[in-house]
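# Structure at a glance
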Amino acid sequence: MDAIKFVLNGVEVAYEGSATDRLLDVLRDTYGTKSVKCGCKEGECGACSVLIDGTLINSCCVAMGAVDGCSIVTVEGFRETERFAALEKAFAGISAVQCGFCIPGMILAAEALLSKNPHPTTDEIREGLSGNLCRCTGYNAIVSAINTAAKEGNGLW
Amino acid sequence: MVNGYAPKCLQEALEIRAAHDVVPYAGGTDLMVENRPNVTYLFLNKIPELKQVVVDDNYIRIGSGVTFTEAIANENVPQLMKEAISRIAACAIRNAGTFGGNLGNGSAKADSVLIEFVSGAKLRLLSVKGERIVDVEKFYLGRKKLDLGSDEIIAEVLLPKTGLENYYYEKVGGRNALAISRVSFAGVFEEKDGKIVNIAAAFGAVADTVLRYRDIEAMLIGKTIEEAKAMKAEYIQAYSDRMVLTRGRVSAEYRKTVCMNLLGEFLSKFGI
Amino acid sequence: MEKISQSVVKKDHLPKITGRSCYVGDYVGDILVGKMLRSKYARAKVLSVKVPELPEGYYYVDRNDVPGDNNVNIVMDDTPVYAREIVEYIGEPIAMVCGPDEAVVKEILSKIEVEYEELEPLLDLRLATEAHFDYEYGKGDLEKAFAEADKVYVEEFETGYQDQAYIECQGMMAEPEADGRMFVHGSMQCAYYVHGAVARVLGCGPSGVHVLQDVTGGGFGGKEAFPSILGSQVAVAAKKAGKAVRCIFDRDEDLEFSSKRHPSLNTYKIAVKDGKITAMDIDVKFNGGAYTTLSAVVLQRGIIAASGVYNVPNLHVRGRALKTNSTPSGAYRGFGAPQTFFSVEMFMNHIAQDLGIDSIDFKLANVVKQGDGTSTSGIYHFPVPLVDMLNEVDAKTDLFKKHKEYSKPQTGRYRKGIGMSWYFHGAGFTGSGERDHIKAVAKLHKYPDGSVEVLACNGEIGQGLRTTFPKIVAHELNIPLEKVYYDHPDTARVPDSGPTVASRSLMVVGELLRRAAIKLRDVWVDGEDQIVTENFKEPDFMIPFYIDKFQGDAYPTYAWAVNAIEVEVDTYTGVTKIVNATGNFDVGTPIDWNIVMGQMEGGFLQGIGYTSTEKIYYDNKGRMRNTTFSDYLIPTSKDVVDLNCMLHVEKYPNGPYGAKGAGELPLVGAPGAFVEAVEMALGAGHKINHMPFNAEEVIKELSKEV
């Protein structure tokens, strides 16, 4: 049987396990990308969001067989980028991180949004984050941080 | 791969579907929540033939592997369909979820299926034996029951090319995003030479399957707006009498009230 | 803005945003996975449990494996670690199966056969008679006041469950150490609570265990007492297996079987004379669930707040936490007060409606001011800024005008309403808890290199303590913030500064740290290793509180708030859109502007969720029906507009730089404001006395003849 080959944060990997395994579990347990959090296993909280070929996806709702040939980015990879730095700074400036559990997913949701729409309106930001539940912040600070990142990081997206 | 097949083309997929006990996997957003044990998936997410939206003489043909996000961005997909699918869950789910998967789940809450019902869409089913075109209304046999052979896959949704321009759509969920429909309504309306040539209404998430009553619709076909107005109460009453709704997370009474309110609003919107 | 209020980058910002923070689920290594065997019935006798033969390395753990006492110490000791012979609610843990492979553990669980003898459960709060706790207090002459009243009103109010819905589920882990100690760590608010509970369960004494709070993905009260139970369960399993055992709840398990906010039934009888309230007779019933857990203290806070922010010369309050065969209710931000504040605020609206006056005017005519007596015959020692705060809210929202305008009859599909609620949150532990029970101790450790470590046990759960504690110390020592740090507490090395609850950490422990810093400043010697200790001292102005009579100052001071929520109700679907949500909050001096605003916004939205979409459904067997996040509906980013929060500062002289309790306040009043707004939109005559009030409730209410 052929292994499932994909690129994880820029590195080619081959997964020998079952095609029915959850991407979320494999990312955490096999590849140690622990920034990917498990909040519900039903695609409702967004804590496990990753980028697959640049698209925001809940990794709990993906079977390994579906990622054969894909490129996957988690915060472990994204945190090395300038775009991350702009988001990080904006989140820091308004203390948008509280318990932190939703944050890696939020950051990737922000990246997915801004890469399609570099200058979103507040409503568009709220739409872009609507699959990522946060129980701490009431969303104000996160929305505001993404707004700031979009302005300050002008040209990055 | 272990416990999975990832065919590269449609023909290969059909052969695997015929030869093995497999579960077709499109976006994964419903299947992975179910997380059935000991299954083998047939991955359909990379088959080019299933990922196209094409327009022919009669139909807008949406491939079963087209994701909702892709459809929202596609100029050929009717606005009514876009409105409904843009209310599905949130972007990460719309990025993965597909038309085929929405149908394959067999749920009356499926937001794209409601539009397929109201527009009288057909489905193109394929197997190694050939193709079968079925009305979506006949494809849905009941809750989680589909007219789908164990060797068949859903290949395309065939939406009529015209007649969906004048519509009324509402989704009532428990919240504004990540919301499963509690009541959904779609109505389409067409008038020609002062007479109603088409008036269709479909109700989602209120019973075991999406509800549409062609015989009640027929009451108003061929009538003028004025004639229809005079029949409005009778028309609404006919729906009210026919619709036996089930309770879900909300009561049958709530569903009924909202359905009737939205039906009335639909008629009003088109002057009836 | 004062220097101490200026925002800094939070100390835990970078590790969290880069995904490097290690939550309990992130540890790797030789860790056994623990999963619960749970009761299928709400009440039953467990006759037998047939466990299949276990593969090598797998363990079945139940009450027979508990080395010490099979009771978890919370307030009382009635919660079993693993079920006794009789199970008291659906989901009560009978045993844990643990082993290296989760799939195998689940398979073993599916093969275990439990034989039950079903017993009749009690599921309905209205039918409950067995009180876990039954309190009563009052003042004045009730009988006389009711006899002399112009009008007497009676109404019953009902509030529902609410789940804390932190995004990180409950998770605890225990590791036997080489020296024989048990190391327990995980997602929690109160390391010393877990410490005390586990020591007793293991029968090993306090030195036989130490507890570390891992990075914690939200608490909101849900991780106050519950980790003591789960921590005890994993500790017993780890003791038996001789290996590390970790149990992390699945979301459905967490929603269904961890403690939630108490549902309540509150009956109010109010006497009005000359436009003033002269008496209230209040009966409060909380659904405590199967075991007592924190019901005593939740109920105390709830009944102390029952008469709201109003002057009530003649008062009688009875409060009971009743036993039912349901998941034990527990702590949730607000701690009993949201239930009673909702009730009293709605009742004030209804009485005003009957009197034919605007409810804001009626509330203004009865509101307390500085120097007035509290419900428990204490005194509001400090300024009560509610009227000023109300005017500030009006300036932002045009509240007064809209309140009158939207009260007029409306037609059409979409109708508007605006609601106002005002309320307090008593800062810190109720009564003499700090003095008699907690006796907080905090320390500062100065190292030879000049860095200073804060030694306390209050858990960072997102509210910012890892930043605000060091901020206070750095400010007082006049050293850079980088020189002061506060790690997650391990009971092996920090003193017991009390639990992370009751909006107390910053106000009480922050003040201890401020004083400790002053002490350290006085004795500071460069290059030396120095430790200073500070102990809690009760403020001298307090009127002593007696819990047996509910007399005295229940709280040293109060945080105050005014909320206004404006809605548009779709009368065809019942869907309510929030047009504006404004909260004016007085939590004293903000120790960090962004952090405090984050608390206000987050708490406010939780309150909005509580009163609108967050409904929990049960079947007639006592089983929760909506156990997923697609079905238990907390707000998404699309469910609100930007929340409009502001701070009004009344400094508290005994809090650090004037800070008061903050964390819980913003949640408490949203229900009163939201439901009043919806009620107004539905039109005169509609009287809503229950919540959550979701779309279905709107349609049901509209179908009523009024």
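In every chain, residue numbers begin from 1 and rise along the written sequence. Labels are handed out in written order, letters beginning with A for the chains and numbers beginning with 1 for the ligands. Side-chain atom pairs in this predicted model are given and counted only at pLDDT of 80 or more, local residue features only at pLDDT of at least 70, and totals for whole chains, interfaces and linings cover all residues. In computing side-chain properties, one takes all heavy atoms of the structure into account and sets aside hydrogens as well as water.

### Observations concerning the overall build of chain B
Helix and strand assignments come from DSSP, with helices taken as H or I runs of at least 4 residues and strands as E runs of at least 2, each series counted from the N terminus. Helices and strands together make up the secondary structure of chain B, namely 11 helices and 13 strands. Atoms considered for the radius of gyration are the C-alpha atoms alone. The globule rule reads 2.2 Å times the number of residues to the power 0.38. Computed over its C-alpha atoms, the radius of gyration of chain B comes to 19 Å, within 12% of the 19 Å expected for a compact globule of 272 residues. In terms of overall dimensions, chain B has a C-alpha envelope of 65 × 40 × 30 Å along the principal axes. The buried label goes to any residue with under 20% of its type's maximum accessible area, the exposed label to any with over 50%, and the partly exposed label to all in between, with areas taken from a 1.4 Å probe on protein chains only. Out of the 272 residues in chain B, the part that is buried amounts to 59%. Of the contacts formed within chain B by residues at least 6 apart in sequence, a portion of 59% connects residues at least 24 apart. Within the structure as shown, chain B displays about 10,800 Å² of accessible surface, and the carbon and sulfur contribution to it stands at 48%. Each charge class in chain B was averaged separately, 35 positive and 34 negative side chains, and the resulting centres sit 5 Å apart. Two residues qualify as a contact provided that any one of their heavy atoms is within 4.5 Å of a heavy atom in the partner residue. Note on areas: Shrake-Rupley with a 1.4 Å probe; residue coverage comes only from the protein chains shown. The charge count treats Lys and Arg as positive and Asp and Glu as negative. His and the chain ends do not count. A charged residue contributes its charge at one atom only: NZ of Lys, CZ of Arg, CG of Asp or CD of Glu.

### Thoughts on the sheet that holds strand β8 (residues 113–118) of chain C
Residues and elements named next belong to chain C. Strand pairing follows a simple DSSP-based rule, namely that at least 2 bridges must link the two strands. Across the sheet, three strands lie side by side as β6-β2-β8; this open sheet has antiparallel pairing. Edge positions in the sheet fall to β6 (86–87) and β8, since each has one partner strand and no second. In this sheet, β6 lies alongside strand β2 (residues 44–50) in antiparallel orientation, the contact comprising two bridges. Considered in β6, the bridge of Ala44 is made with Val87.

### Here's the deal with the interface of chain A and chain C
Opposite the 42 residues of chain A that make contact, chain C presents 55 residues. As used here, buried area is the combined drop in accessible area, with a 1.4 Å probe, of two parts when they are placed together. When chain A packs against chain C, the two sides together hide about 3,800 Å² of surface, and 54% of this comes from carbon and sulfur. Of all residues in chain A, the largest losses of buried area upon contact with chain C belong to Gln98(A), Arg126(A) and Arg135(A), amounting jointly to 21% of the total for that side. Counted as salt bridges are all cases of a side-chain nitrogen of Lys or Arg within 4 Å of a carboxyl oxygen of Asp or Glu. On the surface where chain A and chain C come into contact, there are five salt bridges. Lys638(C) is the salt-bridge partner of Glu127(A), the closest N and O atoms lying 2.7 Å from each other. In the analysis that follows, any N or O atom pair within 3.5 Å is treated as a polar contact, provided that within protein one partner can donate a hydrogen and the other can accept it, and provided that, for residues neighboring in sequence, both atoms belong to side chains. Linking chain A with chain C are 31 residue pairs in polar contact (both at pLDDT 80 or more).

### Remarks on the domain arrangement of chain B
Interfaces are often described in size by the accessible area the parts lose on coming together. Residues and elements named next belong to chain B. Note: domain ranges come from an automatic or database domain assignment. Along its sequence, chain B is organised into domain 1 (48–160) and domain 2 (167–269). When each unit is reduced to the centre of its C-alpha atoms, the spacing between domain 1 and domain 2 is 21 Å. In terms of surface lost to domain 2, no three residues of domain 1 exceed Arg87, Leu114 and Val118, which account for 31% of the buried area on that side. Taken together, domain 1 and domain 2 are joined by three salt bridges. Salt-bridge contacts for Lys171 lead to Asp111; the nearest nitrogen and oxygen are separated by 3.0 Å.

### Observations regarding the packing of aromatic side chains
Put simply, two rings from Phe, Tyr or Trp (the six-membered ring, in Trp's case) pair if the centres are within 6.5 Å, and we call them stacked under 30 degrees between planes, edge-to-face over 60, tilted for the rest. Applying the stated criterion across every chain, the model contains 40 aromatic pairs over all chains. Aromatic pair Phe266(B) and Phe270(B): ring centres 5.8 Å apart, planes at 75°, arrangement edge-to-face. For the pair shown, Phe266(B) and Phe270(B) are each scored as buried. Ring centres of Tyr41(C) and Tyr116(C) lie 4.9 Å apart, and the angle between their planes is 80°; on these two criteria the pair is classed as edge-to-face. A residue pair is termed long-range when its members are at least 10 positions apart, and Tyr41(C) in the loop between β1 (31–38) and β2 and Tyr116(C) in strand β8 qualify at 75 residues. Note on Tyr116(C): relative accessible area 16%, which makes it buried. One aromatic cluster is present, built from ring pairs that chain together Tyr168(B), Phe185(B), Phe189(B), Phe203(B), Tyr213(B), Tyr235(B), Tyr239(B), Phe266(B) and Phe270(B). To sit over a ring, a charge needs its Lys NZ or Arg CZ within 6 Å of the ring centre and within 35 degrees of the ring normal. Here Arg261(C) stacks its cationic end above the ring of Tyr332(C), 4.2 Å away from the centre of that ring. When the ring centre of Tyr610(C) is taken as origin, the NZ or CZ atom of Arg261(C), which lies over that ring, is 4.7 Å away.

### Things to note about the confidence of the model for chain B
For chain B, the mean per-residue pLDDT works out to 96, and 100% of the residues sit at or above 70. Predicted complex, confidence summary: ipTM 0.99, pTM 0.98. For every residue, the pLDDT score states the predictor's confidence, bounded by 0 at the bottom and 100 at the top.

### Observations concerning the pattern of salt bridges
Under the criterion given, the structure shown has 73 salt bridges over all chains. Glu217(B) is the partner of Arg212(B) in a salt bridge, and the nearest nitrogen-oxygen pair spans 2.9 Å. The two residues Arg212(B) and Glu217(B) agree in class, both being buried. One salt bridge in this structure joins Lys651(C) and Glu2(C), with 2.6 Å as the shortest N-O distance. With Lys651(C) in the loop between β25 (644–647) and α16 (665–668) and Glu2(C) in the segment before α1 (13–17), this residue pair connects regions lying 649 residues apart in the sequence. Taken together, the salt bridges that share partners define one network made up of Asp56(B), Arg61(B), Arg124(B), Glu131(B) and Glu156(B).

### Observations concerning the sheet that holds strand β12 (residues 181–192) of chain B
The strands making up a sheet associate through hydrogen bonds between their backbones, and the pairing can be parallel or antiparallel. All names here are of chain B. Strand order in the open sheet formed by three strands is β11-β12-β13, and the pairing between neighbours is antiparallel. Among the strands making up the open sheet, the edge pair consists of β11 (167–173) and β13 (195–204). Neighbouring strand axes in the sheet, compared pairwise and without regard to direction, differ in orientation by 5° on average. In terms of strand pairing, β11 meets β12 through seven bridges, oriented antiparallel. For Glu170, the partnering residue across the bridge sits in β12 and is Phe185. Here an axis means a line fitted to C-alpha atoms, over the contact stretch when the element is a helix, while the angle between two N-to-C directions is reported on a 0 to 180 degree scale. Seen against the sheet, helix α10 (residues 225–242) touches β12 and β13 and runs at an angle of roughly 25° to β13. Of the strands in this sheet, β11, β12 and β13 are in contact with helix α11 (residues 252–269), which crosses β12 at around 25°.

### Side note on the interface of chain B and chain A
Each side of the interface is counted separately: chain B has 27 residues, and chain A has 33 residues. Taking both sides of the interface into account, the surface hidden between chain B and chain A amounts to around 2,300 Å²; carbon and sulfur atoms contribute 58%. Sorting the residues of chain B by area buried against chain A places Met1(B), Met32(B) and Leu178(B) first, and these three jointly supply 27% of that buried surface. Connecting chain B to chain A are two salt bridges.

### Comments concerning helix α7 (residues 111–118) of chain B
Residue and element names in this part refer to chain B. Of all eight residues that make up α7, eight are buried, and the element is covered over most of its length. All of the buried residues along α7 are Asp111, Ser112, Val113, Leu114, Ile115, Glu116, Phe117 and Val118. Immediately beyond the C-terminal end of α7, within one or two residues, lies Gly120, with a positive phi of roughly 65°.

### What to know about the side chain of Glu460(C)
Residues and elements named next belong to chain C. Mapped onto the elements, Glu460 comes out in the loop between β20 (452–455) and α13 (465–477). One buried charged residue, Glu460, forms no salt bridge at all, with the nearest opposite charge on Lys16 at 4.3 Å. Within polar-contact distance, the side chain of Glu460 engages the backbone nitrogen of Gln463 at 3.4 Å. Among the polar contacts made by the side chain of Glu460, one reaches the main-chain amide nitrogen of Gly464 at a distance of 2.9 Å.

### Some thoughts on the environment of Met691(C)
All names here are of chain C. Here Met691 lies in strand β26 (residues 690–691). Each C-alpha atom of the pair Met691 and Ser612 lies 7.5 Å from the other, and the pair is 79 residues apart in sequence. Each residue touching Met691, except ones within four places of it in the same chain, is listed here: Glu158, Thr159, Gly160, Phe342, Tyr610, Thr611, Pro671 and Val675.

### Examining the packing of helix α3 (residues 82–93) of chain A against helix α6 (residues 140–152) of chain A
Residue and element names in this part refer to chain A. It is at 8 Å that the axes of α3 and α6 come closest, and there the two elements cross at 135°. Our classification of the angle between α3 and α6 gives oblique. The way α3 lies across α6 gives a crossing that is right-handed. Two secondary-structure elements touch here, α3 through Ala86, Leu87, Ala90 and Phe91 and α6 through Ile142, Ala145, Ile146, Thr148 and Ala149. Split into classes, the residues belonging to the contact of α3 with α6 amount to eight nonpolar, one polar and no charged. Here the word oblique covers every angle except those under 35 degrees (roughly parallel), over 145 (roughly antiparallel) and from 65 to 115 (roughly perpendicular). For any pair of crossing helices, the crossing counts as left-handed if the nearer helix is rotated counterclockwise from the farther one by less than a right angle, and right-handed if it is rotated clockwise. Each residue gets one of three labels, nonpolar for Ala, Val, Leu, Ile, Met, Phe, Trp, Tyr, Cys and Pro, charged for Asp, Glu, Lys and Arg, and polar for the others, Gly among them.

### Some words on the domain arrangement of chain A
Residues and elements named next belong to chain A. In terms of domain boundaries, chain A breaks down into domain 1 (4–77) and domain 2 (81–152). Each of domain 1 and domain 2 was reduced to a C-alpha centroid, and the two centroids are 21 Å apart. Contacts between the two partners involve 15 residues from domain 1 and, on the opposite side, 11 residues from domain 2. Between domain 1 and domain 2, roughly 1,100 Å² of surface is buried when both sides are summed, and carbon and sulfur atoms account for 69% of that area. Counting the contacts that link domain 1 with domain 2 gives zero salt bridges. Here domain 1 and domain 2 share four residue pairs in polar contact (both at pLDDT 80 or more) between them. Among the elements that take part in the side of domain 1 that touches domain 2, strand β3 (residues 49–52) stands out by supplying three residues, more than any other. Across the side of domain 1 that touches domain 2, the residue classes break down as eight nonpolar, five polar and two charged.

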